[in-house]
Amino acid sequence: MRLKITLLKEPKHQELVSCVGWTTAEELYSCSDDHQIVKWNLLTSETTQIVKLPDDIYPIDFHWFPKSLGVKKQTQAESFVLTSSDGKFHLISKLGRVEKSIEAHCGAVLAGRWNYEGTALVTVGEDGQIKIWSKTGMLRSTLAQQGTPVYSVAWGPDSEKVLYTAGKQLIIKPLQPNAKVLQWKAHDGIILKVDWNSVNDLILSAGEDCKYKVWDSYGRPLYNSQPHEHPITSVAWAPDGELFAVGSFHTLRLCDKTGVRNVLNDAVDLLEFRDRVIKASLNYAHLVVSTSLQCYVFSTKNWNTPIIFDLKEGTVSLILQAERHFLLVDGSSIYLYSYEGRFISSPKFPGMRTDILNAQTVSLSNDTIAIRDKADEKIIFLFEASTGKPLGDGKFLSHKNEILEIALDQKGLTNDRKIAFIDKNRDLCITSVKRFGKEEQIIKLGTMVHTLAWNDTCNILCGLQDTRFIVWYYPNTVYVDRDILPKTLYERDASEFSKNPHIVSFVGNQVTIRRADGSLVHISISPYPAILHEYVSSSKWEDAVRLCRFVKEQTMWACLAAMAVANRDMTTAEIAYAAIGEIDKVQYINSIKSLPSKESKMAHILLFSGNIQEAEIVLLQAGLVYQAIQININLYNWERALELAVKYKTHVDTVLAYRQKFLETFGKQETNKRYLHYAEGLQIDWEKIKAKIEMEITKEREQSLSSQSSKSMGLKP
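Residues numbered from 1 in each chain as written. Predicted model: local features only at pLDDT ≥ 70, side-chain atom pairs only at ≥ 80, totals over all residues. Heavy atoms only, no water.

Spatial ordering of the open sheet is given by β40-β41-β42-β43, a layout of four strands whose pairing is antiparallel. Each edge of the open sheet carries a strand with a single partner, namely β40 (449-454) and β43 (489-493). Pairwise comparison of adjacent strand axes, ignoring direction, gives a mean angle of 15° for this sheet. (Pairing = 2+ DSSP bridges. Helix = DSSP H or I, 4+ residues; strand = E, 2+ residues; numbered from the N terminus. Axes fitted to C-alpha atoms, helices over the stretch in contact; angles between N-to-C directions.)

Below, the structure is given as structure tokens:
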């Protein structure tokens with residue numbers, strides 16, 4: 001990527017230009033010491049003088065009121081704050097009308113910034129004060145005061161903290177009184193400019209030591225540039241957090257978030273566009289390109305005839321692709337389109353902030369859109385892709401900790417769709433998107449996970465876990481048999497990627513990782529698990545077994561065992577469990593196969609996977625009350641066993657007999673009041689109990705045979 005720079009033959013300003021601000025991707029406002037505010041249109045190359053300021057106002061800083069704050073606030077969104085050398089800041093409309101001028105500081109007001117909600121304004125000045133104002137210009141508080149000028153200021157992503165300069169130091173101060181202040185030495189010279197991105201939560205700083213630096217929000221250094229010839233006077237993030245610009249004397253640089261300059265790749269096909277290219281994404285055999293006015297959709301099979309349609313707003317900040325469609329995010333909305341250019345849906349939820357969405361907080365699959373909420377980062381909103389409506393009953397997914405990164409799996413049926421996410425503790429969790437009946441359990445897959453990605457062709461998950469690279473060949477194992485999950489993993493050392501690596505993509509059997517220095521590293525994993533997924537999705541169980549016998553790896557057999565149980569193929573499961581030495585589970589599967597009815601088999605398969613409540617429901621719905629009681633007895637769920645026996649008025653004596661036998665085995669006395677109550681005057685007769693049990697089993701077998709007979713008769717002509 002390269003910056004395109006245009007210089008006018010005749011300058012429109014007569015003096016130094018002190019500050020600029022974009023309104024859209026094609027419209028720019030500039031302020032100068034000649035007291036003019038000029039509007040520039042990049043499409044038509046027109047320039048218009050908006051206002052001529054009074055001669056005593058010398059502009060220093062300029063910031064637009066934030067966008068995408070709802071229809072009610074659109075009027076104010078068409079305004080900006082201008083700070084000046086006379087100690088005032090000015091609220092000015094887009095048309096150039098000065099709405100209000102406020103005395104703010106002794107000496108020049110060096111910077112002014114709206115918070116992300118547009119509810120507050122912070123200003124800093126030569127007097128060393130940091131002040132918070134309401135959106136109408138009323139002073140709320142003086143946040144801090146120091147003896148040196150404050151040259152730059154920025155809001156934290158949550159608008160609850162303010163970052164400002166103090167000589168060679170950077171300071172993060174929360175708005176809450178008595179909250180902990182973070183301060184660190186950032187440069188060897190005076191710091192001239194800072195910026196804090198709301199999407200990636202990274203901080204930029206620039207100073208008189210001729211360096212620019214990238215920091216995380218805890219003040220830890222991520223990148224330190226080489227010294228330049230002149231002081232770095234300006235830095236600014238792109239809204240999506242992927243790129244930033246660096247300004248110095250006669251120098252303008254475009255950098256990615258790792259601080260490394262991008263270079264041009266050798267291209268085979270030259271694609272030319274009428275307008276400036278803002279975003280591009282290549283995946284699923286399609287290239288999607290957004291310019292300032294239009295969207296182009298190319299098929300990799302034919303580069304000559306793209307699908308072209310107009311954009312509602314030209315500031316596209318994110319493009320996400322799935323197999324069937326792609327998603328565009330601009331300054332006001334989210335739009336889903338097919339690869340034929342047909343508009344599909346536009347999901348919305350209260351308080352949605354599209355200006356801060358990125359690839360870590362939005363995920364797309366063929367049937368689902370997931371968006372992490374900014375107002376409450378513990379919540380993920382889920383939408384049907386085809387309609388844009390909330391999934392199911394409109395409930396959202398809620399977690400106990402703030403969520404940092406989300407990812408939907410890409411293949412399979414909608415009912416089996418899973419979402420993986422990393423929370424603030426760096427725990428990797430997984431849960432089902434469609435939750436029927438009770439709330440779906442959120443299960444932890446790993447700890448200290450920094451980045452993750454799903455495979456594009458099958459539901460294999462990879463991640464960087466501390467100093468290890470991990471691949472979960474079948475993450476659904478946690479729902480089937482958590483004991484064998486470690487046997488379904490691929491693991492290798494990841495120290496070669498240095499600190500803070502990021503997974504860019506997981507396509508086929510190749511994982512692409514970007515290191516902290518900006519270089520890309522490719523890792524190849526075994527192609528066999530993907531083939532196994534394909535066989536299982538097509539119910540080719542014999543082929544799956546043959547593949548595992550050919551490969552002769554424990555991970556393959558463990559994956560096949562879990563896949564077979566998930567798909568209720570107990571014959572294949574028995575073979576796979578035997579191959580990994582799980583003899584006790586082989587015996588249990590054998591006992592399941594010998595059960596008299598399909599309901600009992602289904603219940604015990606659910607029991608095998610740890611789904612006790614579901615197993616009980618299956619048995620009760622089939623009228624197999626004794627079997628439901630018996631599984632609770634076998635699991636020592638004594639309270640539930642007695643509750644079922646009393647509720648259905650059967651086998652109370654059976655439950656009491658097994659309870660008595662249990663207590664005698666461990667040499668204990670009965671203390672449970674309910675058991676003492678029902679045991680009063682009851683004589684335990686094991687012969688009678690065994691006869692009742694035998695009668696239940698015979699009854700179940702007869703019902704099963706009767707059901708099978710009825711079905712076979714129904715098939716006859």
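Next, the rest of the story.
Attention now goes to the nonpolar core. As a rule of thumb, soluble globular proteins bury nonpolar side chains together. Within the largest apolar cluster, 48 residues are counted, with the highest numbers of intra-cluster contacts made by Phe469, Leu532, Leu560 and Tyr577. Here this core gets 10 residues from one element, more than from any other, and that element is helix α5 (residues 554-566). Setting aside its immediate chain neighbours within four residues, Leu560 contacts Leu532, Val536, Trp541, Ala544, Val545, Cys548, Thr572 and Ala576. In terms of nonpolar packing, the next biggest core, distinct from the first, is built from 20 residues, Leu606, Ala641, Leu642 and Leu656 among them. (Core = buried A, V, L, I, M, F, W, Y, C linked by side-chain atoms within 4.5 Å. Buried < 20%, exposed > 50% of the residue type's maximum accessible area, 1.4 Å probe, protein only. Contact = heavy atoms within 4.5 Å.)

As a further point, take the side chain of Ser333. With respect to the element layout, Ser333 can be found in the loop between β29 (325-329) and β30 (334-338). On the accessibility criterion, Ser333 (10% relative accessible area) is buried. Setting aside its immediate chain neighbours within four residues, Ser333 contacts Leu328, Ser346, Lys348 and Thr354.

What follows is about the sheet that holds strand β9 (residues 109-114). Each strand in a sheet pairs with its neighbour through backbone hydrogen bonds, running either in the same direction (parallel) or in the opposite one (antiparallel). What the four strands build is an open sheet, ordered β9-β10-β11-β12; its pairing is antiparallel. The open sheet has two edge strands with one neighbour each: β9 and β12 (139-145). Ignoring strand direction, the axes of neighbouring strands in this sheet form an average angle of 20°. Bridge analysis of strand β10 (residues 120-125) against strand β11 (residues 129-134) gives five bridges, and the strand direction is antiparallel. Bridging across to β11, Val122 finds its partner in Ile132.

What follows deals with unusual backbone geometry. Positive phi, normally seen in glycine, also occurs at His35, with a value near 70°. Counting through the fold element by element, His35 comes out in the loop between β2 (27-32) and β3 (36-41). Owing to a relative accessible area of 8%, His35 belongs among the buried residues under this scheme. Even without being a glycine, Tyr284 presents a positive backbone phi close to 50°.

Evaluated as defined, the whole model comprises 31 aromatic pairs. Aromatic side chains Phe326 and Tyr339 sit 5.6 Å apart centroid to centroid with 40° between the ring planes, which places their arrangement in the tilted category. With Phe326 in strand β29 and Tyr339 in the loop between β30 and β31 (343-345), this residue pair connects regions lying 13 residues apart in the sequence. Between Phe349 and Phe381 the ring centres are 4.2 Å apart and the planes differ by 15°, which places this aromatic pair in the stacked class. One end of the pair, Phe349, is in the loop between β31 and β32 (362-364); the other, Phe381, is in strand β34 (residues 379-384), with 32 residues separating them in the sequence. (Phe/Tyr/Trp six-rings, centres within 6.5 Å; stacked < 30°, edge-to-face > 60°.)

Running from amino to carboxyl end, helix α9 (residues 612-621) crosses helix α10 (residues 625-634) at an angle of 160°, the nearest separation of the two axes being 7 Å. What the angle tells us is that α9 and α10 run roughly antiparallel. In terms of crossing hand, the pair formed by α9 and α10 is left-handed. The segment α9 lies against α10, with Ala615, Glu616, Leu619 and Leu620 engaging Val625, Gln627, Ala628, Ile631 and Asn632. A breakdown of the residues in the contact of α9 with α10 according to their chemical character gives six nonpolar, two polar and one charged. (Parallel < 35°, antiparallel > 145°, perpendicular 65-115°, else oblique. Left-handed = near helix turned anticlockwise from the far one by under 90°. Nonpolar A, V, L, I, M, F, W, Y, C, P; charged D, E, K, R; others polar.)

Once that is clear, we can look at the confidence of the model for the protein. Predicted confidence across the protein gives a mean pLDDT of 86, with 92% of residues reaching 70 or more. pLDDT under 50 marks residues 70-75. Its contacts with residues more than four places away, or in other chains, come to three contacts. Within the model, pLDDT remains below 50 along residues 261-268, and this stretch shows 10 contacts once partners closer than five positions in the same chain are excluded. (pLDDT = per-residue confidence, 0-100.)

On to helix α7 (residues 583-593), then. Within the span of α7, buried status applies to Lys585, Val586, Ile589 and Ile592. Buried residues along α7 cover an arc of 115° about the axis, so they all sit on one side. Of the residues in α7, the exposed ones pointing more than 90 degrees away from the buried face are Asp584 and Gln587. Tucked inside the fold, the buried residues of α7 contact α6 (570-579) and α8 (598-608). (Arc of directions from axis to C-beta.)

All right, on to the pairing of β12 then. Pairing between β11 and β12: five bridges, direction antiparallel. If you follow Ile132 over to β12, its bridge partner there is Ser141. Between β11 and β12, which pair antiparallel and follow one another directly, the connecting turn spans four residues, one of which, Gly137, has a positive phi of 95°.

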